[in-house]
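Letter by letter, the chains look like this.
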Amino acid sequence: MDLGKMVVSINKAINAQEVAVKEKHARTCILGTHHEKGALTFWAAVHRLPLSSNAVLCWKFCHVFHKLLRDGHHSVLKDSMRNKADLSDMSRMWGHLSEGYGRLCSIYLKLLITKMEFHSKNPRFPGNLMMTDKQLDETGENDVNNFFQMTVEMFDYLECELNLFLAVFNSLDMSRSVSVTTAGQCRLAPLIQVILDCSHLYDYIVKLLFKLHSCLPADTLQGHRDRFQEQFRKLKDLLYRSSNLQYFKRLIQIPQLPENPPNFLRASALSEHISPVVVIPLESSSPDNEPSVETEELVDMDTALQPTHGESKFDDLFGTSSASDPFNFNSQNGMYKDDKDRLIEQLSRDIRALKEELETFKAESHRLCQALRGRISELEAELAEQTHLKQQALDEGEFLRAELEDLRRRREDTEKAQRSLTEVEKKAQANEQRYAKLKEKYTELVQSHAELLRKNAEVTRQVTVARAAQDEVESVRREMQEKLKEAQEESQHRDEEQSEKLQVLQRELAGSREQLSTLRASITSSQQMSTDLSSKIEALEQDKGGLAEAVAQKEAELSVLGVELERLQSTLSSERDSAVKTAEVLQNQLNEKESHEQALERQLAAERLALLRSSVEEGERIIQDALARLEHPAHIGCTSSADYLVSRSQAALESLNRLQTGQQQYLSDPTDVSELLRAVAQLAHLVGDTIVQGSATSHMAPQEQADMLSEAVKSCGGDALVFLQLLKEEETLGSADSTVLREGLARITCIGEELRPKGLDIDQGELGDLVEQELAATSAAVESAAARVEEMLSQARAADTGIKMEVNERILASCTDLMQAIKVLILSSKDLQRDIVESGRGAASTKEFYAKNSRWTEGLISASKAVGYGATVMVDAADLVVQGKGKFEELMVCSHEIAASTAQLVAASKVKADKGSANLGRLQQASRGVNQATASVVASTKNAKSQIEDTETMDFSSMTLTQIKRQEMDSQVRVLELENHLQKERQKLGELRKKHYELAGVAEGWEEEEGTGAGC
């Protein structure tokens, strides 16, 4: 490509006219960067433009530069970074303006600088921000810190985009159709690039936040979530406002964001995220619809970078590899997909194709309806406007007739005064001419004075230059100064004379104005007299017979008004006829569209029924496959737990309730089949899972119960097939009853409940009383421990002195604070326990609630016991330390155990508590207080130990060399013994913890729960 042609296109694209940049010129600039492999020619042409003096010129430069950064050669960024400082200075300069294009240019330049910095820091991101998910993961290099920093930079990038978006909308008057004017299009055109950037940035931020939430705690990312929520609301509002503008409707299809932002605290919400896609139609790629320039050999990489939407969504829902599925027995046994699996995949592809075609039909129908409704509204508005204009014309006619009469009267009055004023105006004009001549002479004098001053400045400059030869030209300088003084005096004298003449003329002008005011006063009096005479003459004329003339005049006016009325009536009738014809044409078109929509609705109804049948048939195959597994030899070795079986059967019952709701919804509204389809698929999977898990559970049950469970799951499978068969046909869909299937699932649940482990050897009816007793016992133990600590503190103050008293006081004071914190924790736990029981028991009693949640209740009892026991042991250890018989390490260990026990109690209470509960917040605050008090006990114990050890200094002054050597050897032997003892104690502690974990698992029923994952 000729670089001269590129320079011409740059000058045509970036001009001072307030119109949008033509697409063909911008495209030529983009192609020029690819042929040149850089942007040196572009910047050479831009540097010759007055960007700092013309805001419109700078705005269009920003638009073209944005396009080059997005679609130009990748070296455009490198060539543009050297001009970053100039862009920053220009942004600050335009930022001093608070409105108009100046403020917009400042914000746009900040956006472009941010874009350049972002791509410089992240060179893997292309200018158009189009990347696959794999490429996005590779940019972070599997480092969570890189992803964290990249998310912050994307937030800053998107913030600049939104600021420009909002500034453009605030600068437009949205009450008028600004998008159809050239000035409005000039401001709106760059927003197409902004929308393209925002769609990609929003998609990448969502995916990065999900990745960060999978690696970091939720509290760490609270700031990220708050900032995303704010930007989500802004972007959603701006995209919605943009989609309503007529200018964008033929240039770009703007996506809409979902109603609510994604929930990053739920990892499965990532599968619900749909990436916003901006579509630019090929037939309307340029606002002026001009032919595009030759694209030559540029390659479009968009199709290679974007994955297939259907494939990615299918992978997100069902996984990408069958080998990773633990329940895929075919892959485990080395078998490949059979004809049934291929048929399932074919049906799935057909269903997706039908859904896409259905969505296309819906969108096209909705678009046509909206267009017709808009056209009808426009015609109605035009009709109302024409009616208003007609009424306005009638009112203006009446007003003009009244004005005409008033003007006639005024003309007669002013004709007389005009003649008198003519002479006065002639005199005033003569004075004005004299004043103008004097003013011209004064101007000439001023110019001559200025010329003399310039000559004076020139002479001064020459004198400054010639100072080196000042001795030689001193005489010349004096002569010049004398001439200059004479010229200045002469000019001052002329100025004085001219000022005097000007004052004289001003006095004469003032006298002329006074005479003019006197003449005007006399004219006013003469006008009053003439008015009186005119009134008398008119009265005489009226007496003579003016009645006839008045009648003739009224008749003439009536005839004129009649002609005007007939003309307006004919115009109104013609407009009414044209409006009726237009309405008939629109009604015919609307009827045709309605008939077409009815045909589409019938076709959609048939497709919905076909989708329901295919979904039900798929569910039947899933259940049949589950029943076939029961007879497979490999299934005999599978085992499962009764707890998992009960959870699966209860989930199947809940899914059955959801299916009934979807069934009623479909019967009431046949157009909504989505809920029923989801419920059928979910029920089939859950019932199949219940059948498999029931059979696996029967392998570990007693013989009698195993036979009952096997018979129950087989019967449940048959009932499910019968129920699904009824759902398949439209005639039997309304009468399909799920009572038999519900009874079968309930029977499986009852058998599973009988097989569940019983937990503690306590009657479940007594669990509620036991919880209250344990909490009361824990509170009493803490109270007793606090009283013992107070007693020991008073005894230590009475018996000890010096460092020992200081050490004992510090230890016992920290223990007292810890006891107080534990008491607050116990009280908060009791309050939260009451809230949990009141909110969770419903119509049941408190004991029934505890019995229903026996596993949780047993954990709460265990935690409460641990807190009371820990407090008692810590007081005993503190007593021994104060008496000098105990070890400081025992007190530290007791403190750590109390912290662990309180954490267990908080965790057990938090399981059933509402996240927004005030008592839960107080319990967590009390837990933090216990942790702080525990840390204080450990710190005071360590400090006391160091103080005691410092007082026992070693004195080796009286020892001989042999004694010191013997002591050294004894110390080495002692060190080795202690190290060996420490290693053995650590091994013993590990074995104790392992055994404690096993015993706790048996009491809590963990082994049975682990059977769920180990069975199949």
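For the structure itself, look to the data block above.
**Re the overall build of the protein chain**
Stage number 1. Assigned secondary structure in the protein chain consists of 31 helices and zero strands.
Stage number 2. Taken over 1016 residues, the protein chain has a buried fraction of 35%.
Stage number 3. As displayed, the protein chain has an accessible area near 60,700 Å², and 53% of this comes from carbon and sulfur atoms.

**Describing the environment of Tyr157**
Stage number 1. Looking at the secondary structure, you find Tyr157 in helix H9 (residues 144-170).
Stage number 2. Judged by its relative accessible area of 0%, Tyr157 falls in the buried class.
Stage number 3. Along the primary structure Tyr157 and Ile113 are separated by 44 residues, whereas in three dimensions their C-alpha atoms are 9.9 Å apart.
Stage number 4. Each residue touching Tyr157, except ones within four places of it in the same chain, is listed here: Leu111, Thr114, Lys115, Phe118, His119, Leu129, Asp197 and Leu201.

**Some words on the nonpolar core**
Stage number 1. Counting 95 residues, the largest nonpolar core has Ile14, Phe42 and Phe61 as its most contacted members.
Stage number 2. At 15 residues, helix H11 (residues 191-213) tops the list of elements feeding residues into this core.
Stage number 3. Core analysis: the second largest hydrophobic core is formed by 42 residues, Val789, Ile822, Leu920 and Val937 among them.

**Some remarks on the packing of helix H19 (residues 642-668) against helix H20 (residues 674-698)**
Stage number 1. Remark: H19 packs on H20, axes separated minimally by 8 Å, with the N-to-C direction vectors making an angle of 160°. Viewed along their axes, H19 and H20 adopt a mutual orientation that is roughly antiparallel. Note on packing geometry: the crossing formed by H19 with H20 is left-handed.
Stage number 2. Broken down by class, the residue content of the contact of H19 with H20 amounts to 14 nonpolar, 10 polar and five charged.

**Notes on the environment of Glu620**
Stage number 1. Along the chain, Glu620 falls in helix H18 (residues 474-630).
Stage number 2. As for Glu620 and Gly717, which are separated by 97 residues in sequence, their C-alpha atoms are 9.5 Å apart.
Stage number 3. Ignoring sequence-local partners within four residues, the contact set of Glu620 consists of Leu721, Leu724, Gln725 and Lys728.
Stage number 4. A distance of 3.3 Å separates the side chain of Glu620 from the side chain of Lys728, its partner in a polar contact.

**Some details on the packing of aromatic side chains**
Stage number 1. Inspection of every chain in the model, using the stated rule, returns 18 aromatic pairs.
Stage number 2. Between the aromatic rings of Phe165 and Phe169, the centroid separation amounts to 5.6 Å while the plane-to-plane angle is 15°, which identifies the pairing as stacked. Of this pair, Phe165 and Phe169 both sit in helix H9, separated by four residues, roughly a single helical turn.
Stage number 3. Just above the ring of Tyr101 sits the side chain of Arg187; from NZ or CZ to the centre is 4.5 Å.
Stage number 4. Above the face of the Phe147 ring, Lys211 is positioned so that its terminal group lies 5.5 Å from the ring centre.

**Some points on the side chain of His63**
Stage number 1. Mapping His63 onto the fold places it in helix H4 (residues 55-71).
Stage number 2. On the basis of relative accessible area, His63 is assigned to the buried category, the value being 5%.
Stage number 3. Not counting residues within four places of it along the chain, the set of residues in contact with His63 comprises Val21, Tyr108, Ala189, Pro190 and Gln193.

**Comments concerning helix H12 (residues 222-243)**
Stage number 1. Taking 1.5 Å per residue, 22 residues should reach 32 Å; H12 reaches 32 Å between its end C-alpha atoms and fits that length.
Stage number 2. Turning to H12, its buried residues are His224, Arg225, Phe228, Gln231, Phe232, Leu235, Leu238, Leu239 and Ser242. Seen along its axis, H12 keeps its buried residues to an arc of 160°; they face one direction.
Stage number 3. Tucked into the core, H12 has its buried residues touching H9, H11 and helix H13 (246-249).

**Some points on the environment of Gln904**
Stage number 1. By secondary structure assignment, the location of Gln904 is in helix H28 (residues 888-912).
Stage number 2. With relative accessibility at 36%, the residue Gln904 sits in the partly exposed group.

**Some thoughts on the packing of H4 against helix H6 (residues 84-94)**
Stage number 1. Contact geometry of H4 with H6 gives a least axis separation of 13 Å together with a crossing angle of 140°. In terms of orientation, H4 and H6 fall into the oblique class. Considering only the axes of H4 and H6, their crossing is left-handed. Together, Ala55, Cys58, Phe61 and Phe65 of H4 and Leu87, Met90 and Trp94 of H6 make up the contact between the two elements.
Stage number 2. Here the contact of H4 with H6 is composed, by residue class, of seven nonpolar, no polar and no charged.

**Here's the deal with the pattern of salt bridges**
Stage number 1. This model, assessed by the stated rule, comprises 25 salt bridges.
Stage number 2. Across the salt bridge formed by Arg629 and Asp625, the nearest N and O atoms sit 3.4 Å from each other. Residue Arg629 and its partner Asp625 are located together in helix H18, separated by four residues, close to a single helical turn.
Stage number 3. Its relative accessible area of 36% is what places Asp625 among the partly exposed residues.
Stage number 4. Notably, a salt bridge pairs Arg678 with Glu675, separated by 3.2 Å at the nearest N-O pair.

So, how was this worked out
Residues numbered from 1 in each chain as written. Predicted model: local features only at pLDDT ≥ 70, side-chain atom pairs only at ≥ 80, totals over all residues. Heavy atoms only, no water. Helix = DSSP H or I, 4+ residues; strand = E, 2+ residues; numbered from the N terminus. Buried < 20%, exposed > 50% of the residue type's maximum accessible area, 1.4 Å probe, protein only. Areas by Shrake-Rupley, 256 points an atom, 1.4 Å probe, with all protein chains shown as cover. Contact = heavy atoms within 4.5 Å. Core = buried A, V, L, I, M, F, W, Y, C linked by side-chain atoms within 4.5 Å. Axes fitted to C-alpha atoms, helices over the stretch in contact; angles between N-to-C directions. Parallel < 35°, antiparallel > 145°, perpendicular 65-115°, else oblique. Left-handed = near helix turned anticlockwise from the far one by under 90°. Nonpolar A, V, L, I, M, F, W, Y, C, P; charged D, E, K, R; others polar. Polar contact = N/O pair within 3.5 Å; in protein donor to acceptor, adjacent residues only side chain to side chain. Phe/Tyr/Trp six-rings, centres within 6.5 Å; stacked < 30°, edge-to-face > 60°. Lys NZ or Arg CZ within 6 Å of the ring centre and 35° of its normal. Expected span 1.5 Å × (residues − 1). Arc of directions from axis to C-beta. Salt bridge = Lys/Arg side-chain N within 4 Å of Asp/Glu carboxyl O.

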